[in-house]
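Each chain, written out:
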Amino acid sequence: MLYILAEALDFPGILNLFRYITFRSGAAVITALAIGLIIGPRMIDWLRLKQGKGQPIREDGPASHLLTKRGTPTMGGLMILISLTISTLLWMNLENPYVWACLFVTLGFGAIGFSDDYSKVSKGSHKGVSGRTRLLLEFIIAGIACWAITDVTDTRLFFPFTNFGLNLGPFYILFAAFIVTGFGNAVNLTDGLDGLATMPVIIAALTFALIAYLVGNIRFSDYLGIVFVNGAGDLTVFLGALIGACLAFLWYNAPPAAVFMGDTGSLALGGALGSVAVVTNHEIVLILVGGLFVLETVSVIVQVASFKLTGKRVFKMAPIHHHFEQLGWPESTVVIRFWIVSIVLALAGLATLKLR
């Protein structure tokens, strides 16, 4: 919005700064952070008042959670969505279709997560909207966004360290929708400890902010030998707003958490990262950069498959962060060590940007 205004005035004086993605991205971080910190206390008080007993705690989860997390309000993802949306709309180029597509996925997944959280809280049960209904709605939203994205970009799947792109044609939309939906649910599975999902999302967003900037700049993309996507650079502004919103939420979600993001936040954040990966044609790199989320998902798949086939469990409890809790690791130890793993995987993802 501010970019369009400055452009209409032909960027006079200090408004010339609005030409630069780097300036608008930094401003988006600060704006989202400020909004999140300001609305945080009132939002938490309002959620606590409306929910009473807070987020229902699973009886089959770690026993310690029944005491330490009971009564904590959920749906804190609303704080993230509000600050993210306002900041993005203020600093983005409103004519950029990619940002609109990513924002559509983020808010759409957030709405699905909100419905699930509301169902759980109102019923006083950890069972919300049925899994099939959730997945179907997520896939429809992701499919619409990916269809819109592929209407202005190509349908090739690019592989790291090469210039080779496999043209999937119309099947690319299905593949891209699967990536977005899958990653939304992967972040959702990871959100089980205070701060566990938030910081890895920030790390992945920082990584993809750099990737989006490079992909959207024809000189840098040519130098690195990676695909150029005209207009993808503005996703740096969107990711900057996401980072600021998550930092503000982490202020209140740090152990012991005053609020949980719930499915409202985790589904939205995962969908946002997935859609950015699709726009930048770095879907495979997302699997590495977001490797922690992939690991959490795989641990659940392996646990369920093993129990159904053999009657035995591979892990003491799944997702895998609960396995380490059952081994005796304090919650803070699990969270910080998983953050370290996320940083290493993000650096490994950046290493896939092939130099000529």
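All residue numbers refer to position in the chain's written sequence, counted from 1. In view of the model being predicted, local features appear only for residues whose pLDDT reaches at least 70, and side-chain atom pairs are presented and counted only at 80 or more, with totals across whole chains, interfaces and linings using the full set of residues. Only hydrogens and water are set aside when side-chain values are computed; all heavy atoms of the structure are taken into account.

Chemist: Before we go on, may I ask you to explain unusual backbone geometry in this structure?
Modeler: Only a minority of non-glycine residues have a phi that is not negative, and only a minority of peptide bonds are not trans. The omega torsion of the bond from Pro 255 to Pro 256 falls at -10°, within 30 degrees of zero and hence cis. Per the convention used, a helix needs a DSSP run of H or I reaching at least four residues, while a strand needs a run of E reaching at least two, with both numbered from the N terminus. Examined against the element boundaries, Pro 256 turns out to sit in the loop between α10 (235-253) and α11 (262-279). Following Ala 318, the chain continues to Pro 319 via a peptide bond in cis, the omega torsion being 0°. Positionally, Pro 319 belongs in the loop between α13 (291-310) and α14 (320-326). One non-glycine residue with positive phi stands out, namely Met 75, at about 70°. For Met 75, the position within the fold is in the loop between α3 (63-68) and α4 (77-91). Here Met 75 falls in the buried class, since its relative accessible area comes to 5%. The phi dihedral of Asn 281 falls on the positive side, at around 60°, and the residue is not glycine. Think of it in three bands: residues with accessible area under 20% of the maximum for their type are buried, residues over 50% are exposed, and the middle band is partly exposed, with areas taken using a 1.4 Å probe on protein chains only. Judged by relative accessible area, Asn 281 falls into the buried class, the value being 2%.

Chemist: Would you mind showing me how to read a nonpolar patch on the surface here?
Modeler: A contiguous nonpolar surface patch, about 450 Å² in accessible area, is contributed by Phe 104, Leu 136, Leu 137, Ile 140 and Ile 144. Structurally, Ile 140 can be placed in helix α6 (residues 131-150). For Ile 140, a relative accessible area of 45% gives the class partly exposed. Each patch is built from residues lacking any salt bridge and having more than 30% relative accessible area; the joining distance is 9 Å for like charges and 5 Å for nonpolar side chains (Val, Leu, Ile, Met, Phe, Trp, Tyr). Computed with the Shrake-Rupley method and a 1.4 Å probe, the accessible areas treat only the protein chains shown as cover for residues. Salt bridges are defined by distance alone: a side-chain nitrogen of Lys or Arg within 4 Å of a carboxyl oxygen of Asp or Glu.

Chemist: Even after reading the chapter, I still don't get the packing of helix α8 (residues 198-215) against α11, so can you show me in this structure?
Modeler: A pair of packed helices can be characterised by two numbers: the angle between their axes and the separation between those axes. Only C-alpha atoms enter the line fits that serve as axes; for helices the fit covers just the stretch in contact. Angles between N-to-C directions range over 0 to 180 degrees. At their nearest, the axes of α8 and α11 sit 11 Å apart, and the two run at 20° to each other. It follows that α8 is roughly parallel to α11 by the angle criterion. The element α8 and its partner α11 pack so that their crossing is left-handed. Between α8 and α11, the contacting residues are Val 201, Ala 204, Ala 205 and Phe 208 on the first element and Leu 269, Leu 273, Val 276 and Ala 277 on the second. Residues are grouped as follows: Ala, Val, Leu, Ile, Met, Phe, Trp, Tyr, Cys and Pro are nonpolar; Asp, Glu, Lys and Arg are charged; every other residue, Gly included, is polar. Of the residues that constitute the contact of α8 with α11, the class distribution is 8 nonpolar, no polar and no charged. Angles below 35 degrees are treated as roughly parallel, those above 145 as roughly antiparallel, those between 65 and 115 as roughly perpendicular, and all remaining angles as oblique. Left-handed describes a crossing whose near helix is turned anticlockwise from the far helix by less than a right angle; the clockwise case is right-handed. We call two residues in contact whenever any of their non-hydrogen atoms come within 4.5 Å of each other.

Chemist: When you look at the side chain of Asp 263 in this model, what are you seeing that I'm missing?
Modeler: Among the secondary structure elements, Asp 263 is positioned in helix α11. For Asp 263, a relative accessible area of 8% gives the class buried. Two N or O atoms form a polar contact when they lie within 3.5 Å of each other; inside protein one atom must be a possible hydrogen donor and the other a possible acceptor, and for residues adjacent in sequence the pair counts only when both atoms belong to side chains. Of the polar contacts made by the side chain of Asp 263, one reaches the side chain of Lys 120; its length is 3.2 Å. Excluding anything up to four places from it in sequence, Asp 263 contacts Gly 113, Asp 116, Asp 117, Lys 120, Arg 134, Asn 188 and Ala 268.

Chemist: What exactly am I supposed to notice about the side chain of Thr 207 here?
Modeler: Residue placement: Thr 207 occurs in helix α8. Dropping the residues within four chain positions of it, Thr 207 is found in contact with Val 289, Ala 346 and Leu 350.

Chemist: So what exactly am I meant to see when it comes to α11 here?
Modeler: Because an α-helix completes one turn every 3.6 residues, residues spaced three or four positions apart along the sequence face the same direction. Expected helix span is computed as 1.5 Å times (number of residues minus one). With 18 residues, α11 should cover 26 Å at 1.5 Å per step; its first-to-last C-alpha distance of 26 Å lies within 8% of that length. The buried fraction of α11 amounts to 18 of the 18 residues, a majority that puts the element mostly inside the structure. Trailing α11 by a residue or two, Asn 281 shows a phi angle of about 60°, which is positive.

Chemist: Would you explain the packing of aromatic side chains in this entry?
Modeler: Two measures describe an aromatic ring pair: the distance that separates the ring centres and the angle between the ring planes. In summary, the pairing rule links any two rings of Phe, Tyr or Trp, Trp by its six-membered ring, whose centres are within 6.5 Å, and it sorts them by plane angle into stacked for under 30 degrees, edge-to-face for over 60 and tilted for everything else. In the structure shown here, the tally under the stated rule is 7 aromatic pairs. Consider the rings of Phe 114 and Tyr 118, whose centres lie 6.4 Å apart with planes at 20°: the pair is stacked. Of this pair, Phe 114 and Tyr 118 both sit in helix α5 (residues 97-123), 4 residues apart, which is roughly one turn of that helix. On the basis of relative accessible area, Phe 114 is assigned to the partly exposed category, the value being 32%. Look at Tyr 118 and you get exposed, because its relative accessible area is 52%. With centroids separated by 5.9 Å and ring planes inclined at 80°, the aromatic side chains of Phe 324 and Phe 338 adopt a geometry described as edge-to-face. Note that Phe 324 is positioned in helix α14 and Phe 338 in helix α15 (residues 331-350), a separation of 14 residues in sequence. The same class applies to Phe 324 and to Phe 338, which are both buried. Feature note: the residues Phe 324, Trp 329 and Phe 338 constitute an aromatic cluster, connected by ring pairs. Sitting over the face of the ring of Trp 329, Arg 337 holds its NZ or CZ atom 4.6 Å from the ring centroid. Lysine NZ or arginine CZ positioned within 6 Å of the ring centre and within 35 degrees of the ring normal marks a charge as sitting over the ring.

Chemist: How should I be thinking about the pattern of salt bridges in this particular structure?
Modeler: Pairing between side chains of opposite charge can happen when their charged atoms approach one another. Per the stated rule, a full pass over the model turns up 7 salt bridges. Residue Lys 120 is joined to Asp 116 by a salt bridge in which the shortest nitrogen-to-oxygen separation is 3.3 Å. Taken together, the residues span about one helical turn, with Lys 120 and Asp 116 both in helix α5 at a distance of 4 residues. The same class applies to Lys 120 as to Asp 116, namely buried. Between Arg 134 and Glu 138 there is a salt bridge; the shortest N-O distance is 3.7 Å. Of this pair, Arg 134 and Glu 138 both sit in helix α6, 4 residues apart, roughly one helical turn. The pair formed by Arg 134 and Glu 138 is uniform in burial state, with each residue classed as buried. Each of Asp 116, Lys 120, Arg 134, Glu 138 and Asp 263 takes part in salt bridges that share partners, so that together they form one network.

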